[in-house]
Amino acid sequence: MPFKRKLTVLASTALLTPAALAGAIAPASAATGQAAADSCADYPYAVAGEFREGWARESTPYNYLVPQEGAYTACLDGPADANFDLEVLQWNTAAGGYQLIAASRNADSTERVTWDSPANSTQYRLRVVATSGYGTYTVGVRFPGEA
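Notes on the structure follow. (Residues numbered from 1 in each chain as written. Predicted model: local features only at pLDDT ≥ 70, side-chain atom pairs only at ≥ 80, totals over all residues. Heavy atoms only, no water.)

### Let's talk about the pairing of strand β5 (residues 83–92)
Taken across its 10 residues, β5 has seven buried, putting it largely inside the fold. Across eight bridges, the pairing between β5 and strand β8 (residues 122–132) is antiparallel. Bridging across to β8, Val-88 finds its partner in Leu-126. Relative to strand β6 (residues 97–104), β5 runs antiparallel, the two sharing seven bridges. Within the sheet, the bridge partner assigned to Gln-90 lies in β6 and is Gln-99. Where β5 hands over to β6, the hairpin turn is made up of four residues, of which Gly-96 adopts a positive phi near 75 degrees. (Buried < 20%, exposed > 50% of the residue type's maximum accessible area, 1.4 Å probe, protein only. Helix = DSSP H or I, 4+ residues; strand = E, 2+ residues; numbered from the N terminus. Pairing = 2+ DSSP bridges.)

Structure follows, in structure tokens:
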């Protein structure tokens, strides 16, 4: 059965600006401790999405501009019987597109990733990939200095 591309997932093209957010990137690491136990719905910037049978197997629920340096955390909470992964992509002008800079690919649908951003305005994109299964998910983003 051919896949149909889902065109929107809530904030799929949201551009978050300095007035709405605080925020900016480098190597990533898996979040541990309290941050890993948080629900993504409790993050300051959270959106819900869904994969259904026959839909495309990846979604981009967030695009955002990051003008501030610091540590960022993104999370994904998905169905227990599925395997969804979370990827962070950064715009690369020289390459003319987005490049993967961090990912969390556990065997389930609970993913956390933390990365550092330099002090410059750049664009990032969070991508959810459904490796197996279907269902709803929540993606959350926490910018530097946010609890």
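Moving on from the coordinates now.
### So, the packing of aromatic side chains
Ring pairs (aromatic) are described by centroid distance and by the angle formed between their planes. A complete count under the given rule lists eight aromatic pairs for this structure. On the numbers, 5.2 Å between centres and 90 degrees between planes, the contact of Tyr-45 with Phe-143 is edge-to-face. On the criterion of sequence distance, the pair formed by Tyr-45 in strand β2 (residues 45–51) and Phe-143 in the segment after β9 (135–142) is long-range, its members being 98 residues apart. Under the relative-accessibility criterion, Tyr-45 is labelled buried at 18%. Measuring from ring centre to ring centre gives 5.8 Å for Tyr-72 and Trp-115, while their planes differ by 20 degrees; the resulting arrangement is stacked. Here Tyr-72, found in strand β4 (residues 70–77), pairs with Trp-115, found in strand β7 (residues 110–117); they are 43 residues apart in sequence, far enough to count as distant. Counting every residue linked through ring pairs, the aromatic cluster contains Tyr-45, Tyr-72, Trp-115, Tyr-124 and Phe-143. Sitting above the plane of the Phe-51 ring, Arg-57 keeps its charged end 5.9 Å from the centroid. (Phe/Tyr/Trp six-rings, centres within 6.5 Å; stacked < 30°, edge-to-face > 60°. Lys NZ or Arg CZ within 6 Å of the ring centre and 35° of its normal.)

### Quick word on the environment of Ala-48
Among the secondary structure elements, Ala-48 is positioned in strand β2. Each C-alpha atom of the pair Ala-48 and Thr-136 lies 7.1 Å from the other, and the pair is 88 residues apart in sequence.

### Here's the deal with the environment of Gln-99
Among the secondary structure elements, Gln-99 is positioned in strand β6. Take Gln-99: its relative accessible area is 38%, and that puts it in the partly exposed class. Through-space distance from the C-alpha of Gln-99 to that of Leu-89 is 5.1 Å; in sequence the pair is 10 residues apart. For Gln-99, the residues in contact, after removing those within four places along its chain, are Val-88, Leu-89, Gln-90 and Asn-92. Within the structure, Gln-99 has its side chain in polar contact with the side chain of Asn-92 (distance 2.8 Å). (Contact = heavy atoms within 4.5 Å. Polar contact = N/O pair within 3.5 Å; in protein donor to acceptor, adjacent residues only side chain to side chain.)

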